[in-house]
Every structure is written in structure tokens, then in C-alpha cells.
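Close look at the chain arrangement
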Amino acid sequence: MSGRASEFREVQVTFDCADPEALSLFWADVLGYRLDPPPPGFDSWDAALAAWGVPEEQWNDKSAVSDPEGRGPRLFFQKVPEPKTVKNRLHLDVRAAPGTTGAEREAALNAEAERLVGLGARVVEPFHVDPMGAAFIVMSDPEGNEFCLD
């Protein structure tokens, strides 16, 4: 311990990706988040970027979504030139069925997995129960980033 008084730090999760707009819309749908609004004085991000002189080919270089209730972390998406090539070392667990067990849990997880597949996700490993009895589904977002429904 550093000896400093503990203080709350906000956390932002950043995704490197090929299409920030599409991936931010996907995660907004998954989590019930909203796209961050444009700055005051602008009715859209396109209007703000045009006014700031950002070249149109850079308008999809960044995007962000936030929890409308202010409880969850902001998700930031930034365009990178290289594709994803290996398994994530860090992933999100989307709590789709907290507090449920057995058939109720399996049904809730499978229903949410089906909804997310409709949004562009992919099931990587179907319903799985680990040796300690925890059930989850491993999925990937449209750009291949793994996450779990638990």
C-alpha cells in the first residue's frame, strides 16, 4: 500500500478496433448504453467534426458510449490499422443472469446469447459449466473481441 487515502477512480474501457461507430453501437445495444452526445452547441458529431475542420475520412476514428445511469464505465472505441490477431488478455463479463442457477440460468443465458447473435456477436463456446459449477457462454463481438455472458 502506498499509504495514501483511498479515493475513487473512474475507469474507462478502451477498445482498439477497425470500425469505432459500428462497434460502439453494438456495445450500446448489449449493455443498454447510449452514444455520448455531441458537445454543446452541436446537434450531431458530424456537425462538430466538420466545424472543427476534421477531415471526413477521420470522422469514424473514435466513438464512445456511456451508461445513462452513470453506474458503469464509459467504453471508448479507437480505430487502429491492425486487425485483432490473438486471444484477449482482458475481457468483459456481461452479467446476463446474476443470481440464477440451473435451468433458469441456462435459459436466461441462451436467450441473451441469441439476442446478441442477432446484433452481430458470435458464440465461441456454448453454454459451459466450469468445475466449480459456474455457468457461462463465451462469445465474441463483431470484431472478434471475446466476452462472457455469465
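You'll find the structure just up there.
Let me sum up the structure you'll find in this document. Position labels on residues start from 1 in each chain and follow its written sequence. Where local features are concerned, this predicted model is filtered to residues with pLDDT of at least 70; where side-chain atom pairs are given and counted, the filter is 80 or more; whole-chain, interface and lining totals use all residues. Based on all heavy atoms of the structure, the side-chain values leave hydrogens and waters out of the count.

**Quick look at the overall build of the protein**
Basically, it comes down to this: Note on conventions: DSSP H or I runs of at least 4 residues are helices, E runs of at least 2 residues are strands, and numbering of each starts at the N terminus. Burial classification: accessible surface area is computed with a 1.4 Å probe over protein chains only, and a residue below 20% of its type maximum counts as buried, one above 50% as exposed, and the rest as partly exposed. Here, two residues are considered to be in contact whenever any of their heavy atoms come within 4.5 Å of each other. We get accessible surface area from the Shrake-Rupley algorithm with a probe of 1.4 Å; when it comes to residues, only the shown protein chains can shield them. In summary, the charge assignment counts Lys and Arg as positive and Asp and Glu as negative, without counting His or the chain termini. Note on charges: their place is set at NZ of Lys, CZ of Arg, CG of Asp or CD of Glu.
Helix and strand counts for the protein come out as three helices and eight strands. When the elements of the protein are put in sequence order from the N terminus, they spell out β-α-β-α-β-β-β-α-β-β-β. The dimensions of the protein, computed from C-alpha atoms along their principal axes, are 55 × 45 × 30 Å. Buried positions account for 31% of the 150 residues belonging to the protein. Long-range contacts, defined here as pairs at least 24 residues apart, represent 59% of the contacts in the protein between residues at least 6 apart. Accessible surface, the protein as shown: approximately 9900 Å² in total, 54% of it carbon and sulfur. Side chains of the protein give 14 positive and 26 negative charges; the mean places of these two sets differ by 6 Å.

**Points about the nonpolar core**
Rules: Residue types Ala, Val, Leu, Ile, Met, Phe, Trp, Tyr and Cys, when buried and joined through side-chain atoms within 4.5 Å, form a set referred to as a nonpolar core.
Ranked by size, the top nonpolar core spans 23 residues in total, and within it Trp 27, Leu 75, Phe 77, Met 139, Phe 147 and Leu 149 carry the most contacts. Of all the elements in the fold, those that place two or more residues in this core are β1 (12–17), α1 (20–31), β4 (74–79), α3 (102–119), β7 (135–140) and β8 (146–149).

**Quick notes on α3**
For the record, the criterion: One fewer than the residue count of a helix, multiplied by 1.5 Å, yields its expected span. Taking the helix axis as origin, the arc is that swept by the directions to the C-beta atoms.
When the terminal C-alpha atoms of α3 are compared, their 26 Å separation across 18 residues agrees well with the 26 Å that a helix rising 1.5 Å per residue should span. Listed as buried for α3 are Arg 105, Leu 109, Glu 112, Ala 113 and Leu 116. In a view along the axis of α3, the buried residues occupy a sector of 105 degrees, so they form one face of it. Exposed residues on α3 whose side chains face more than 90 degrees from its buried face are Ala 103, Glu 104, Glu 114 and Gly 118. A positive backbone phi angle near 120 degrees is found at Gly 120, which sits one or two residues after α3.

**Thoughts on the sheet that holds β8**
Heads up, the condition is: When DSSP finds at least two bridges between two strands, those strands are taken to pair. Between the N-to-C directions of two axes lies an angle of 0 to 180 degrees, each axis being a line fitted to C-alpha atoms and, for a helix, fitted only over the stretch in contact.
One open sheet accounts for four strands, arranged β5-β8-β7-β6; its pairing is mixed. Each edge of the sheet is formed by a strand with only one pairing partner; in this case those strands are β5 (92–94) and β6 (122–129). The mean inter-strand angle of the sheet, taken between neighbouring strand axes irrespective of direction, is 25 degrees. When β7 meets β8, the two strands line up antiparallel, connected through four bridges. Bridge pairing in β8 places Val 138 opposite Cys 148. The strands touched by α3 are β6, β7 and β8; relative to β7, the strand with the most contacts, the crossing angle is about 10 degrees.

**Considering the packing of aromatic side chains**
Stated formally: For this analysis, a ring pair means two rings from Phe, Tyr or Trp (six-membered ring only for Trp) whose centres lie within 6.5 Å, classed as stacked if their planes differ by under 30 degrees, edge-to-face if by over 60, and tilted for the remaining angles.
Per the counting criterion, the structure on display carries six aromatic pairs. Relative to Trp 27, the ring of Phe 26 lies with its centre 5.3 Å away and its plane at 90 degrees, an arrangement referred to as edge-to-face. For the pair Trp 27 and Phe 147, a centre-to-centre distance of 4.9 Å together with 70 degrees between the ring planes defines the contact as edge-to-face. Taken together, the positions of Trp 27 in helix α1 and Phe 147 in strand β8 put the pair 120 residues apart, joining distant regions of the chain. For the pair formed by Trp 27 and Phe 147, the shared burial category is buried. Three or more aromatic residues link up through ring pairs in this structure, and these residues are Phe 15, Phe 26, Trp 27, Phe 77 and Phe 147.

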